Amino acid sequence: MAALPLSQPILASDLTSDRFHAHLASLVEAVEQTLQEVIPSQTRLHHAMAHSVLGGGKRLRAFLVWESARLFDVSPPLALQTAAAIECVHAYSLAHDDLPCMDNANTRRGKPSCHIAFGESTAVLTGDALGPLAFEILADLETSADNRLALVKTLAQAIGPEGLVAGQMIDLGNETLPQTYEDLCTLQRLKTGVLFSFAAEAGAILGNRSPAERETLRAYGLALGQVFQMIDDLLDGSDNPEELGKPCGQDASKLTFLSLLGPDKLYEKATFIGEDACVMLNTLQGDTTLLKEAVRYALERAK
Ligand code: GRG
């Protein structure tokens, strides 16, 4: 890890720029529109899918796809469809995570969770439907077969038995629970980092970039995921369910970055990891300012 003073320019100023917020807002709108086009609206299942995936969420993963694709002049429709696929998978994971047998959360994105609105079996099937839909979107992208295969395979790896599902198993206590800082990093890499990482890499895949560039964006995504998750832990211990997007205090009985480090050390460490993520981006050509600002945005959630 590159050692850096916290005064590195990108995180030194106080707030994310208007440009960042304007880009994020227009991306949210564009992804929403793309998602509306891919989610059918005839059946109860379709309505539950729409409930889970539309009208909410920060769309950070979509933003990572969009910004990494922009670096490499990928066409906007390709980037948006890829972003929509990732948001479908993310919504799938949230619908399942909220179930009584998992995190048992009644609200999500300021709305009733999918199982509260539609019942438990429909919520399970909603996730079951959003996953295949995501892969279908990727398989249909107007890009080379190599790129489609790389996207499908990398996403499958990110969410499968060595990714999201493994992280959820650990989080639920179905595997050995985390005991150390390193264990927590592993858990959060699996639960959050791998999907951020895939999102950031996706633009490089679509842009036919080198393995080194793909690796840089992957590593950046992992680091951003860790910052994000550390701040999530901080918010879980606070009284800010709006920012967290779900009820606070759900991790009170678990080892978390907050219980392990305390708020000050946690924030300091998250800032250091965030600085490192920004430095990684300096090896890429093109304007990575907004990707760097995404790090600050993640840190700012704690304010
Ligand atoms: C195979 C996709 C799949 C899932 C099965 C249920 C499960 C295994 C995994 C759940 C993993 C999980 C819920 C991780 C939490 C990730 C996280 C940080 C969620 C909150 O992300 P935000 O804050 O949410 O970006 P918004 O609402 O803004 O999109």
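The coordinates are above.
Scope of this entry: the structure provided in the associated data block. (Residues numbered from 1 in each chain as written. Predicted model: local features only at pLDDT ≥ 70, side-chain atom pairs only at ≥ 80, totals over all residues. Heavy atoms only, no water.)

**Remarks on the pattern of salt bridges**
Stated precisely, the cut-off is as follows: Any Lys or Arg side-chain nitrogen found within 4 Å of a carboxyl oxygen on Asp or Glu counts as a salt bridge. A run of H or I in DSSP counts as a helix once it spans at least four residues, and a run of E counts as a strand once it spans at least two, with each numbered from the N terminus. Residue exposure (1.4 Å probe, protein chains only): buried if accessible area is under 20% of the type maximum, exposed if over 50%, otherwise partly exposed.
Taken as a whole and assessed by the stated rule, the structure comprises 14 salt bridges. Across the pair Glu-67 and Arg-70 runs a salt bridge, and its minimum N-O distance is 2.8 Å. Of this pair, Glu-67 and Arg-70 both sit in helix 4 (residues 60-71), separated by 3 residues, roughly a single helical turn. Looking at Glu-67, the relative accessible area reads 2%, which means it is buried. In this structure, Glu-213 and Arg-209 form a salt bridge, with 3.4 Å as the shortest nitrogen-oxygen distance. Note on Glu-213: relative accessible area 18%, which makes it buried. A network of salt bridges, in which partner residues are shared, links Glu-201, Arg-214, Glu-215 and Arg-218.

**Details of helix 10 (residues 181-206)**
How we decide: By definition here, a helix of n residues has an expected span of 1.5 Å times n minus one. What the bend at a residue measures is the angle between two axes, fitted to the seven residues ending there and to the seven starting there.
Compared with an ideal rise of 1.5 Å per residue, which puts 26 residues at 38 Å, helix 10 spans 35 Å between its outermost C-alpha atoms and is within 8% of the ideal. Along its length, helix 10 reaches its greatest deviation from straightness, about 50°, at Arg-189. Just past helix 10, the residue Asn-208 takes up positive phi, approximately 55°.

**Focus on the site of the ligand**
We count it as follows: In this text, near means that some heavy atom of the residue lies within 4 Å of the molecule or strand in question. Identification of polar contacts relies on pairs of N or O atoms within 3.5 Å, with a donor-acceptor requirement for protein atoms, meaning one able to donate a hydrogen and the other able to accept it, and with residues adjacent in sequence counted only if both atoms are side-chain atoms. Here the Shrake-Rupley method, with its probe set to 1.4 Å, supplies the accessible areas, and only the displayed protein chains count as covering residues. For this classification, the nonpolar set comprises Ala, Val, Leu, Ile, Met, Phe, Trp, Tyr, Cys and Pro, the charged set comprises Asp, Glu, Lys and Arg, and every other residue, Gly included, is treated as polar.
In the region of the ligand, 20 residues are neighbours, and Lys-58, Arg-61, His-90, Arg-109 and Phe-228 sit closest. Interatomic distance of 2.8 Å between a side-chain N/O atom of His-90 and an oxygen atom of the ligand. Here an oxygen atom of the ligand and a side-chain polar atom of Arg-109 are 2.8 Å apart. Relative to its free-state accessible area of 740 Å², the ligand is covered by the protein chains to the extent of 93%. For the shell around the ligand, the elements supplying multiple residues, two or more each, are helix 5 (76-97), helix 9 (164-171), helix 10 and helix 11 (211-236). Element by element, the count of residues in the shell around the ligand is highest for helix 5, at 7 residues. Classifying every residue of the shell around the ligand by side-chain character gives 8 nonpolar, 7 polar and 5 charged.

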